[in-house]
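Observations on chain architecture
If you want the building blocks of each chain, they are given just below.
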Amino acid sequence: MYAVTGGRTKPRSDLAMEALVSSATSARLGTAFTREYRAISELCRQVRSVAEVSALLRIPLGVARVLIADMEAEGLVRIYQPQLDAGLPDRSLLERVLSGLRRL
């Protein structure tokens, strides 16, 4: 994974693990892009959280955050950060997370 991220451990922008990611293009990425970029782009045809992308691709969360932030910088994905009031998590977000955990 060191080679995939170029040795970086932090994303270019602050990226929450619960941030939602969607593919910015309807076309499949070609071989000019890395295998990881292509996999993330395909997964994010449906909106997914950064944590989901990490889990589904079986890559460390830190690596997923770096790759997704890089992809956003290149215009390949869109990121929807959660809105936090005064540093406190949104109650509806916590309820959705709890509901999702119960379904597991």
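On to the pattern of salt bridges. Taken as a whole and assessed by the stated rule, the structure comprises three salt bridges. Note that Arg28 and Glu42 form a salt bridge whose closest N and O atoms lie 3.8 Å from each other. Here Arg28, found in the loop between strand S1 (20-23) and helix H2 (35-43), pairs with Glu42, found in helix H2; they are 14 residues apart in sequence, far enough to count as distant. For Glu42, the salt bridge goes to Arg45, with nearest N and O atoms at 3.2 Å. When its relative accessible area of 35% is taken as the criterion, Arg45 is described as partly exposed. It is possible to trace a salt-bridge network through shared partners that takes in Arg28, Glu42 and Arg45.

Moving on: the confidence of the model for the chain. The pLDDT averaged across the chain works out to 84; a share of 88% of its residues lies at or above 70. When pLDDT is averaged over each helix and strand of the chain, the minimum, 67, is found for helix H1 (residues 2-5) and the maximum, 94, for strand S2 (residues 48-49).

In this section: the side chain of Asp70. Mapping Asp70 onto the fold places it in helix H4 (residues 61-73). The exposure class of Asp70 is buried, given its relative accessible area of 5%. Non-local contacts of Asp70, meaning those with residues more than four positions away in its chain, are made with Arg8, Arg12 and Tyr37.

Moving on, we come to the sheet that holds strand S3 (residues 77-80). Taken together, the three strands give an open sheet; going across it, the order is S2-S1-S3, and neighbouring strands pair in antiparallel fashion. Both outer strands of the open sheet, S2 and S3, are each paired with one neighbouring strand and no more. Pairing of S1 with S3, which is carried by four bridges, proceeds in the antiparallel orientation. By the bridge assignment, Ser23 is partnered in S3 with Val77. Its contacts with the sheet place H4 against S1 and S3, and it is angled at close to 115° to S3.

This part covers the packing of aromatic side chains. Ring pairs (aromatic) are described by centroid distance and by the angle formed between their planes. Summed over all chains, the structure comprises one aromatic pair. Seen from their ring centres, Phe33 and Tyr37 are 6.4 Å apart, and the 25° between their planes marks the pair as stacked. Residue classification places Phe33 among the partly exposed residues on the basis of a relative accessible area of 26%. For Tyr37, a relative accessible area of 9% puts it in the buried group.

Moving on, we get to the layout of surface pockets. Here the largest pocket defines a volume of roughly 570 Å³. As for the largest pocket, its lining consists of 18 residues, of which Glu18, Ser49, Leu93, Arg96 and Val97 are closest to the centre. For the lining of the largest pocket, the secondary-structure elements that each account for two or more residues are helix H3 (50-57) and helix H5 (91-103). Among the residues forming the lining of the largest pocket, the class breakdown is nine nonpolar, four polar and five charged.

Rules behind the numbers
- Residues numbered from 1 in each chain as written.
- Predicted model: local features only at pLDDT ≥ 70, side-chain atom pairs only at ≥ 80, totals over all residues.
- Heavy atoms only, no water.
- Salt bridge = Lys/Arg side-chain N within 4 Å of Asp/Glu carboxyl O.
- Helix = DSSP H or I, 4+ residues; strand = E, 2+ residues; numbered from the N terminus.
- Buried < 20%, exposed > 50% of the residue type's maximum accessible area, 1.4 Å probe, protein only.
- pLDDT = per-residue confidence, 0-100.
- Contact = heavy atoms within 4.5 Å.
- Pairing = 2+ DSSP bridges.
- Axes fitted to C-alpha atoms, helices over the stretch in contact; angles between N-to-C directions.
- Phe/Tyr/Trp six-rings, centres within 6.5 Å; stacked < 30°, edge-to-face > 60°.
- 1 Å grid on protein atoms, 1.4 Å probe; cavity = no way out; pocket = protein on both sides within 12 Å on 5 of 7 lines; lining within 4 Å.
- Points joined across faces, edges and corners; volume = space filled by probe spheres on them.
- Nonpolar A, V, L, I, M, F, W, Y, C, P; charged D, E, K, R; others polar.

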